[in-house]
Amino acid sequence: MDGFGSDFSSGGAGGKMDTGTIMEQVKVQIAVANAQELLQRMTDKCFKKCIGKPGSSLDNSEQKCIAMCMDRYMDAWNTVSRAYNSRLQRERARI
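Residues numbered from 1 in each chain as written. Predicted model: local features only at pLDDT ≥ 70, side-chain atom pairs only at ≥ 80, totals over all residues. Heavy atoms only, no water.

> Summarise the state of the cysteines; cite the residues concerned and give the values.
A complete count under the given rule lists two disulfides for this structure. Across the disulfide from Cys46 sits Cys69; the S-S distance is 2.0 Å. Taking the torsion about the S-S bond as the criterion, the Cys46 to Cys69 disulfide, at about -85°, is left-handed. Of this pair, Cys46 sits in helix α2 (residues 19-50) while Cys69 is found in helix α3 (residues 60-94), placing the two residues 23 residues apart along the sequence. (Disulfide = S-S within 2.5 Å. Helix = DSSP H or I, 4+ residues; strand = E, 2+ residues; numbered from the N terminus.)

> Please give an account of the nonpolar core that cites residues and values.
One finds Leu38, Met42, Cys46, Cys50, Ile51, Cys65, Ile66, Cys69 and Tyr73 forming the largest nonpolar core, which totals nine residues. Elements that contribute at least two residues to this core include exactly α2 and α3. In this structure, Cys46 is in contact with Ile51, Ile66, Cys69 and Met70, ignoring residues within four places of it in sequence. (Core = buried A, V, L, I, M, F, W, Y, C linked by side-chain atoms within 4.5 Å. Buried < 20%, exposed > 50% of the residue type's maximum accessible area, 1.4 Å probe, protein only. Contact = heavy atoms within 4.5 Å.)

> I'd love a proper account of the environment of Cys50, names of residues and values included.
Inspection of the secondary structure assignment puts Cys50 in helix α2. Since its relative accessible area comes to 9%, Cys50 is described here as buried. For Cys50, the contacting residues outside a window of four places in its chain are Glu62, Cys65, Ile66 and Cys69.

Everything listed here is a matter of coordinates, which is why it stays silent on function.
What follows is the structure, given as structure tokens:
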């Protein structure tokens, strides 16, 4: 198998990793994929909002717009993430 065989067959006794280690690796891979998606969406949205005519450089107003757009996007993302995680914790506590 391409990436999976080399990642999961190298540790533990007899070349096998325990389930906990594999789960941690999967969590890390998911977190990286989520961060990449966040960055791509933020870039797309802020580019469309702030860049009227793409050129070889950004003028001062475009730079300010990009900076403010990215700050607002990250603030909104963090607010939603905190609310989502809080709700997940409450739901888990019910179980």
